[in-house]
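# Remarks on the overall topology
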Amino acid sequence: MKKTLSLVLAFCMICSIIAVVPAIQASAHATDPDGNALSKADFIIDVGHGGNDPGAMSTVLGGNRKESEDVLRLALATARLIIQSGSTVAMTRYTDETVSLTQRTDMANAGSYSYFVSIHRNACGTANLATGIETYYHNSQSSTSVSAKLATSVQNAAIGVGCWANRGVKTSNFHVTRESNMPAILIEYSFIDNASDNQKFDQYFDQNAKAIANGMLAMIGKSVTDAKTVSAPSVTVASTSAHNQSINVSWGAVTNATSYNYTATVYEGEMSATTGKTIVSSSTTGTSFTIPAQASGKYVKVSVTAVGPNNKAETVKSVMLGKDAVYPTDVQYIPVADVNGSQSVSNSTVWNSSVGTAFGMTWWRAFVCSPNADGTYTVNSIYENGVAKSVSVTGTNVLWAIHSGYTGYDVAATIVVGDKLTFCGVYIDNKTVRGTGYVLVNGGVALHPDDLTLSDATVAVEDDFLVGVGIGDTGSEIVSKFNESADYVKVYDAAGAEVTGGVVCTGYTVNLVVNSEVVKSITIIISGDVNGDGAIGSSDILVVSGAVDGSSKLNDVFSKAGDIDGSGTVTSTDYMALCNKI
Ligand code: ZN
């Protein structure tokens, strides 16, 4: 058996000995794994064969696996690990190109490289007959003793992978080991015409590359170090912030991060999550930045990306914006929670079609709503206890469900089809409902979305409300409450028809007429207890100003308006807050 094996071994060396005279002149210099010329390095890896010379092939196995391709793949992976570990390495080829044996040693000798490692795969000519790894050096080279040490180091490391037969360290008269001026070895990394060897070559590819790299690095007292990867930073930022107030963003230093990219993008509405305006975009080696104060916007999306030598990792957070850092306590709202795509039912939850399609109800009221252009949602259908046991959500609709024992259910119970809901502090991002906030029932577009004042429960649940006018007031009653005559005040419905006895709602207009001329046409905006006196009364009237001539009694009404714009005083800008909505 031993004699037979020796014959097999002799045959297997063919792949390394064949010297193909290239028709194409290869590059004259060794390069790094990316093809950049590199004349000085700790190592030079000679990648066997290539180009016109495929080396050994696994034809006896019925395939066309090429030695030239296997060794290039293995050599590149080995080189990357060496570089990752802080050492330098050149290559005699980094692509599939033809390189003669003389060119290989010329490259090595022309530069300054400490160690030469030629990588090959073996072949036997008979399928599955021979197996394992062997490493060669030249026994009459000037640096033979160091070459032997290098051969032993790489061979032992390869065997250390644990799956290979150890064919040992040997000497042979190969061109590349003989003609290289530095310590040089040639490793035959298993047999390409052995199916099991090929399977192990691929299955343990990363370990094989790491073993060769470790065997090489050991010569300079090093070993492969793990890739320096970064993880996503842990970002600290307030979840809500007032308008006109800067926002601090900070994060813990991320291991291996060399810098951080950060952005802040402000979004104006719940429905516009994909059309934000970038207000900050920069990078830092520090661990914080400040978002400038924003005068408006619904929320700011904050992105912090840790940048490492091998990868990047991003964290995204949102800051809800409002007039106050927290939502006003006098707003008639219904808290909403647990809207981040969770299917677990909380006491008041907004879902969309991407989050489950059915909701089994027990003691709940649920509202299926369709989105409007202004960011509100119109209630299209309502499901109540015992009426329906599951509700499907489709398309861009959302489902808001509230438990009968939950805060605000009494308000929710009065909602009728056609009512508008505003999900404050909740926004739709790529069909995912995000954030935690409140549902405002009607009036959500009347004033500033964050500044709704619907403190009177009796008006909060109605369709729309006219400031200073009771629910159900008619056009003629409005005239009366304005303390004017019908000559000065005329009320029109949304279609432009004058109304006197009909109930007024948002979208109607009040025309101020002087000398038969319309001097002001004001769309009725429904609000609530604007001046905060606890009641809705004539002092809440905002819809007229002193634009009427002396014959009108409306001149002083404006001074009774509330501080709509939050400036601290009642001025003409408060009036404009309404006019802007007309
Ligand atoms: Zn070979």
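Predicted model, so just to flag it, every value in this text is computed and none were measured. Chains are numbered independently. Their residues run from 1 in the order of the written sequence. Per-residue local features of the predicted model are confined to residues with pLDDT of at least 70, and side-chain atom pairs are confined, for both listing and counting, to 80 or more; whole-chain, interface and lining totals are unaffected and use all residues. Note that water and hydrogens are dropped before the side-chain values are worked out from all heavy atoms of the structure.

### A short note on the overall build of the protein chain
Secondary structure elements follow DSSP: runs of H or I of four or more residues count as helices, runs of E of two or more count as strands, with numbering from the N terminus. From N to C terminus, the protein chain includes 12 helices and 27 strands. Buried residues are those whose accessible area, probed at 1.4 Å on protein chains only, stays under 20% of the maximum for their type, while exposed residues exceed 50% and partly exposed ones sit between those limits. Split into buried and exposed, the 582 residues of the protein chain put 50% on the buried side. Only heavy atoms matter for contacts: two residues are in contact if any of them lie within 4.5 Å across the pair. Considering only contacts in the protein chain between residues 6 or more positions apart, those separated by 24 or more positions represent 67%. Surface summary for the protein chain: the accessible area is close to 24800 Å², and the carbon and sulfur share equals 50%. What sets the accessible areas is the Shrake-Rupley method with a 1.4 Å probe; for residues, cover comes only from the shown protein chains.

### Describing the environment of Glu 67
Along the chain, the position of Glu 67 falls in helix H3 (residues 67-84). When the C-alpha atoms of Glu 67 and Gly 48 are compared, they prove to be 7.9 Å apart, with 19 residues separating the residues in sequence.

### Focus on the sheet that holds strand S6 (residues 184-191)
What makes two strands pair is DSSP finding at least two bridges between them. The strand order S2-S1-S3-S6-S4-S5 describes an open sheet built from six strands, whose pairing is mixed. Because the sheet does not close on itself, it has two edges, and the strands there are strand S2 (89-91) and strand S5 (166-171). Neighbour to neighbour, the strand axes of the sheet diverge by 20 degrees on average, direction disregarded. Inspection of the sheet shows strand S1 (residues 40-47) paired to S2 by three bridges, in the parallel sense. Following the sheet pairing, Ile 44 is matched in S2 by Ala 90. Only C-alpha atoms enter the line fits that serve as axes; for helices the fit covers just the stretch in contact. Angles between N-to-C directions range over 0 to 180 degrees. Running at roughly 170 degrees to strand S4 (residues 133-137), helix H5 (residues 144-159) makes contact with strand S3 (112-122), S4, S5 and S6 of the sheet.

### Regarding unusual backbone geometry
In most cases, non-glycine residues show a negative phi, while peptide bonds are predominantly trans. If you check the backbone angles, Asn 128 has positive phi at about 60 degrees while not being a glycine. Relative to the helices and strands, Asn 128 is located in the loop between S3 and S4. Notably, Ser 190 is not glycine yet its phi reads approximately 75 degrees, a positive angle.

### Some points on the pattern of salt bridges
Salt bridges are identified by distance alone: a Lys or Arg side-chain nitrogen within 4 Å of an Asp or Glu carboxyl oxygen. The tally for this structure, following the rule as stated, stands at 10 salt bridges. Between Arg 104 and Asp 46 there is a salt bridge whose closest N-O contact spans 2.8 Å. You can see Arg 104 sitting in helix H4 (residues 101-110) and its partner Asp 46 sitting in strand S1, a full 58 residues away along the chain. In this structure Asp 46 comes out as buried when scored by relative accessible area, which is 1%. Across the pair Asp 70 and Arg 65 runs a salt bridge whose closest N-O atoms are separated by 2.7 Å. Taking relative accessible area as the criterion, Asp 70 reaches 5% and is therefore assigned buried. Each of Arg 65, Asp 70, Arg 73, Arg 121 and Asp 202 takes part in salt bridges that share partners, so that together they form one network.

### Things to note about the packing of aromatic side chains
Note on aromatic pairs: the rings of Phe, Tyr and Trp (six-membered ring only in Trp) are paired at centre separations within 6.5 Å, and the planes decide the class, stacked below 30 degrees, edge-to-face beyond 60, tilted for the rest. Taken as a whole and judged by the stated rule, the model has nine aromatic pairs. Between Phe 201 and Phe 205, the aromatic rings sit 6.0 Å apart at their centres with planes inclined by 65 degrees, giving edge-to-face as the arrangement. The exposure classification of Phe 201 matches that of Phe 205, with both residues buried. Ring centres of Trp 251 and Tyr 262 lie 6.4 Å apart, and the angle between their planes is 45 degrees; this geometry places the pair in the tilted category. Here Tyr 262 lies in strand S10 (residues 259-267) and Trp 251 lies in strand S9 (residues 247-251), a separation of 11 residues in the sequence. Residue class for Trp 251 comes out buried when judged on its relative accessible area of 5%. On the basis of relative accessible area, Tyr 262 is assigned to the buried category, the value being 12%.

### Quick look at the side chain of Ser 190
Within the fold, Ser 190 resides in strand S6. Not counting the four nearest positions on each side in its chain, Ser 190 is found in contact with Arg 121, Asn 122, Gly 132, Ile 133, Trp 164, Asp 197 and Phe 201.

### Digging into the confidence of the model for the protein chain
Confidence of the predictor in every single residue is expressed as pLDDT, which spans 0 to 100. With 59% of its residues at a pLDDT of at least 70, the protein chain reaches an overall mean of 72. Note that pLDDT drops below 50 for residues 1-26; the model gives that stretch 44 contacts with residues more than four away or on any other chain. Every residue in residues 525-532 scores below 50 in pLDDT, and together they form 36 contacts with partners more than four places removed in sequence or on other chains.

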